[in-house]
Amino acid sequence: MTLDRYLKDVRTFLPADQADDIVNELSENLRAQFEDREQELGRALTQAEQESILNAHGKPILVAARYRPDQGGGLTFGRQLIGPALFPSYTRVLTINVAITVVVVIVAAIVAASGQPFFASVSGVALSILIQFGVVTLIFVAAERAISGEGTWPEDVARSLPGELQRSFPDRISEQLIGERLVDRVPRRTSVFDFAVTALTVGWLIVVRPPFLIGELRSGPGWESFHLPLLVILAISGIQPVVTFVRPRLVAVRSAARAATDVAILAVFALSLNTGQWVVLTDAGAPTANELAGLAEINRWVGISLTIAMVITLAMTVLETWRLVTRLRVGGTAFAPPTM
Amino acid sequence: MPHRSIAIEPLDERFESLRLELRRGSVIVAVLAQLRTEHYGYALRKALLEIGLDIEENTLYPLLRRLESQGLLASEWREEDRRNKRFYRLAPDGELMLARLQQEWQDINASLDRIL
């Protein structure tokens, strides 16, 4: 890690109104420390020696936390789960997510007015907020453990593990949360991959369009309610990889587009979940009690699968929102700075 | 009769946390006293280290800003060795505060001397 990169990381977590001043001062102090060490050694510092000084200075998020006027805050259940360093970001992300939910509910209300049942009860909204709270909290608890050095493998265990697994899960989560936002361009291969996945999914949805038959069953209103909206959302989301392929430095555009897509998909899933009846019996003859029970069981499992998909989508929304927020805080713009 | 085991921090860890508590207040006195002469952050840290006070950068640099926001220190950006640095010095309120803290320190010290 270079000094510039280190300072950039610190800046991310500083109060915006003081960030420049603090970073300038910290930069001068660290440069003075480098020069001091160079004088002692009688030569320029190597990259490793510079990194060693920066590591000794502390993790950027913790360094920045010391400059926050309010060192209070935190989430505690028996032991502290989220400390004061991460707590402001935690509340911010949670607020953004709840705000997004409110927007979804407003959209849902408009859809409901057009005859589609959606979020029929307040409990649906409450459940959605509860899930968001759980997912966001889990992510931040993992990040807190990584930052505080907990949750890492004991050294002897780490050595026995292959490459990537040597770093603990919280470490990797932490890198996702804190590290990736600093990527200054979307690799073209990522844009190609995004486009390919989107195109394949759109293609599959076009081929498997309702109504279709599965043995003695056929697609029901639950499937029909999300098929077309999902197709449209995914087709629109295909624009993003094309844009980032042409302009790789529009990194925030990718985060914003992905977060928006995830929220839209969430809304469609919720609509479908409320509609239910993903498969129904074909019209041939009156159904027996056994057939009806089997059908109910299938629909129940589809509903469970859809709920799990919603939780995963929600987690991805949180991650993308986080990246977007921190990226905009770092750069103050959707454009990444030019690489030197 | 079954034993009840109580988790107790190792002695070294308890000492470390008590030591930090003990130092917390004295660091402020030391910083105020040292800033009767103007210093920038890193130079102040070195000056304190030379007299035996090793204060972490992460403690010292934010502390300087906090003391400045309380009106006890004044600062200005100035060029030295062709680089801009932020120099801190004791503000008039800081001088008054230092005098009172110094008196308090001496009183505590005298009391402790009688006990220890």
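Relevant structure appears above.
What you see as residue numbers is a count from 1 along each chain, following the sequence as written. For naming, the first written chain is A and the first written ligand is 1, with later ones following in the order written. Thresholds applied to this predicted model are a pLDDT of at least 70 for local features of residues and 80 or more for the giving and counting of side-chain atom pairs; totals over whole chains, interfaces and linings are not thresholded and use all residues. Here the side-chain values reflect all heavy atoms present in the structure, with hydrogen atoms and water set aside.

To continue, consider the overall build of chain B. Counting its regular elements, chain B contains four helices and three strands. When checking whether two residues touch, look at their non-hydrogen atoms; a contact exists if any pair is within 4.5 Å. Across chain B, the fraction of contacts at a sequence separation of at least 24, relative to all contacts at a separation of at least 6, is 43%. Surface exposure of chain B reaches about 8,300 Å², of which carbon and sulfur atoms provide 53%. Under the DSSP-based scheme used, a helix requires at least four consecutive residues in state H or I and a strand at least two consecutive residues in state E, with every element numbered from the N terminus. We get accessible surface area from the Shrake-Rupley algorithm with a probe of 1.4 Å; when it comes to residues, only the shown protein chains can shield them.

A word on unusual backbone geometry. Residue and element names in this part refer to chain B. A positive phi angle, close to 50 degrees, is found at Asp-81, a residue other than glycine. Within the fold, Asp-81 resides in the loop between strand S2 (73-80) and strand S3 (83-90). Positioned with a positive phi, Arg-82 is a non-glycine residue whose angle comes to about 65 degrees. If you trace the backbone, Arg-82 turns up in the loop between S2 and S3. Remark: exposure states derive from per-residue accessible area (1.4 Å probe, protein chains only) relative to the maximum for the residue type, with buried under 20%, exposed over 50%, and partly exposed in between. Given a relative accessible area of 77%, Arg-82 falls into the exposed group.

Quick look at the packing of helix H1 (residues 11-34) of chain B against helix H2 (residues 41-50) of chain B now. Residue and element names in this part refer to chain B. Lines fitted to the C-alpha atoms define the axes, with helices restricted to the stretch that makes contact. Angles between their N-to-C directions range from 0 to 180 degrees. Relative orientation of the contacting elements H1 and H2 amounts to 110 degrees, with a least axis distance of 11 Å. By the angle class used here, H1 and H2 are roughly perpendicular. Crossing handedness for the pair H1 and H2: right-handed. Only Leu-44, Ala-47 and Leu-48 of H2 make contact with H1, whose side of the interface consists of Ala-30, Val-31 and Gln-34. In the scheme used here, Gly and all other residues not listed as nonpolar or charged are polar, with Ala, Val, Leu, Ile, Met, Phe, Trp, Tyr, Cys and Pro taken as nonpolar and Asp, Glu, Lys and Arg as charged. Among the residues forming the contact of H1 with H2, the class breakdown is five nonpolar, one polar and no charged. When describing relative orientation, an angle under 35 degrees is termed roughly parallel and one over 145 degrees roughly antiparallel, while 65 to 115 degrees is termed roughly perpendicular and anything else oblique. If you view the pair so one helix is near and one far, a crossing is left-handed when the near helix is turned anticlockwise from the far one by less than a right angle, and right-handed when it is turned clockwise.

Moving on: the nonpolar core. In this structure, Leu-14 and Leu-26 of chain A together with Val-31, Leu-60, Leu-64 and Leu-73 of chain B are the most contacted members of the largest nonpolar core, which totals 42 residues. Mapped by element, the contributors of at least two residues to this core are helix H1 (3-12), helix H2 (19-41), helix H3 (47-57) and helix H4 (60-66) of chain A together with H1, H2, helix H3 (57-69) and S3 of chain B. Of the residues forming this core, the biggest block, seven residues, is contributed by H2 of chain A. In terms of nonpolar packing, the next biggest core, distinct from the first, is built from 27 residues, Phe-140, Val-141, Ile-233 and Leu-306 of chain A among them. To define a nonpolar core, start from buried Ala, Val, Leu, Ile, Met, Phe, Trp, Tyr and Cys residues and group those joined through side-chain atoms within 4.5 Å.

Any carboxyl oxygen of Asp or Glu that lies within 4 Å of a side-chain nitrogen of Lys or Arg is treated as forming a salt bridge with it. Evaluated as defined, the whole model comprises 19 salt bridges over all chains. One salt bridge in this structure joins Arg-83 of chain B and Glu-28 of chain A, with 2.6 Å as the shortest N-O distance. With Arg-83 of chain B in strand S3 and Glu-28 of chain A in helix H2, this pair bridges two chains. Glu-28 of chain A shares its class with Arg-83 of chain B; the two are buried. Among the ionic pairs, Glu-80 of chain B bridges to Lys-85 of chain B, the shortest N-O distance being 3.3 Å. Judged by its relative accessible area of 29%, Glu-80 of chain B is partly exposed. Look at Lys-85 of chain B and you get buried, because its relative accessible area is 4%. Overlapping salt bridges, with partners in common, bring together Asp-21 and Glu-25 of chain A together with Arg-65, Glu-68 and Arg-86 of chain B in one network.

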